[in-house]
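Now for the letters of each chain:
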Amino acid sequence: MVTMTFATFQAKDYELRQYETAKWVSTVIRGETQKEAMRQGFWKLFHYIQGKNEKEMKIDMTVPVTCLIKSGCADFKISFFVPFKHQDSPPQPTDSDVFIEERKAAPIFVRSFGGFASPEKYAEEAEVLARILRSRGQTFHEDFFYTAGYDSPFKLFNRHNEVWYFKK
């Protein structure tokens, strides 16, 4: 789990977290459904952590797995958090479709939910969060959101999923 965060505000239906600057390994999948993009992106990133990188180094799997969803766009950016011990100098990917990115520190509105999350469920939860934030006068970037999954597909109970909107 990304632990470089702290909650600055928590309500029963969402929280505001402060995320610190961190590196993520990412890939962009174009022209697919969200579900297929997540599948393809996951495997590209999984190969990276299994040693498809310049150091041929295996890297621990981390959570969450995020997916950037932009309004009206068929590109999906799938990302794994780079483990803390590799933050300073992550091995460079050898797959040209995989890249290391640094996400700047940011306040993020988060809504958590359980169960198996489909693209439709993520979209529904993002819309619920957007409605709540608007009703409470919160300003946020409405043209994109992230999905965040924390569990293996083999975990059947007590699953944890999130949607994130960046605070303006």
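Below is a short write-up of the structure. In this convention, every chain numbers its residues from 1, walking through the sequence in written order. The predicted origin of the model limits local features to residues at a pLDDT of at least 70 and limits the giving and counting of side-chain atom pairs to 80 or more, whereas totals for whole chains, interfaces and linings rest on all residues. Hydrogen atoms and water are omitted, and side-chain values are computed over all heavy atoms in the structure.

**Let's talk about the nonpolar core**
Proteins that are soluble and globular tend to have nonpolar side chains buried together. Put simply, buried Ala, Val, Leu, Ile, Met, Phe, Trp, Tyr and Cys residues joined by side-chain atoms within 4.5 Å make one nonpolar core. Under the scheme applied here, a residue whose accessible area is under 20% of the maximum for its type counts as buried, over 50% as exposed, and between as partly exposed, the area being computed with a 1.4 Å probe on protein chains only. Residues V25, I78, F109, L129, L133, V163 and Y165 are the most contacted members of the largest nonpolar core, which totals 29 residues. Per the convention used, a helix needs a DSSP run of H or I reaching at least four residues, while a strand needs a run of E reaching at least two, with both numbered from the N terminus. Top element by residues in this core is helix α2 (residues 119-135). It accounts for six residues. Contacts are assigned to residue pairs with any non-hydrogen atoms lying within 4.5 Å of each other. With near-sequence residues (within four places) excluded, F109 lies in contact with Y14, E15, L16, L129, L133, Q138, T139, F140, V163, W164, Y165 and K167. Y19, W24, L68 and Y146 belong to the second-largest nonpolar core, a separate cluster that totals 14 residues.

**Considerations on the environment of W164**
Relative to the helices and strands, W164 resides in strand β9 (residues 161-166). The sequence separation of W164 and F109 amounts to 55 residues, and the corresponding C-alpha distance is 5.5 Å. Within the local environment of W164, its side chain forms a polar contact with the side chain of E162, the two groups lying 2.8 Å apart. Between N or O atoms, a polar contact is any pair within 3.5 Å; within protein, one atom must be a potential hydrogen donor and the other a potential acceptor, and residues adjacent in sequence are included only when both atoms are from side chains.

**Let's talk about the packing of aromatic side chains**
Side-chain rings of Phe, Tyr and Trp, where Trp is taken by its six-membered ring, are said to pair if the distance between their centres is within 6.5 Å; with planes under 30 degrees apart they count as stacked, over 60 as edge-to-face, and otherwise as tilted. Going through the model one piece at a time under the given rule, you end up with 16 aromatic pairs. Taking 5.7 Å as the distance between ring centres and 45° as the angle between the ring planes, the aromatic pair formed by F9 and Y14 counts as tilted. The exposure class assigned to F9 is partly exposed, which follows from its relative accessible area of 41%. Using a relative accessible area of 4% as the deciding quantity, one classes Y14 as buried. Centroid distance W24 to F81: 5.4 Å. Interplanar angle 80°. Geometry classified as edge-to-face. Of the two residues, W24 sits in strand β3 (residues 22-30) while F81 sits in strand β5 (residues 75-81), which places them 57 residues apart along the sequence. Assessed through its relative accessible area of 3%, F81 is described here as buried. Ring-pair connections join several aromatic residues into one group, and the members of that group are Y19, F144, Y146, W164 and F166. Working rule: Lys NZ or Arg CZ, within 6 Å of ring centre, within 35 degrees of ring normal, means a charge sits over the ring. When the ring centre of W24 is taken as origin, the NZ or CZ atom of R103, which lies over that ring, is 3.9 Å away. When the ring centre of F116 is taken as reference, the NZ or CZ atom of R159 above it lies at 4.0 Å.

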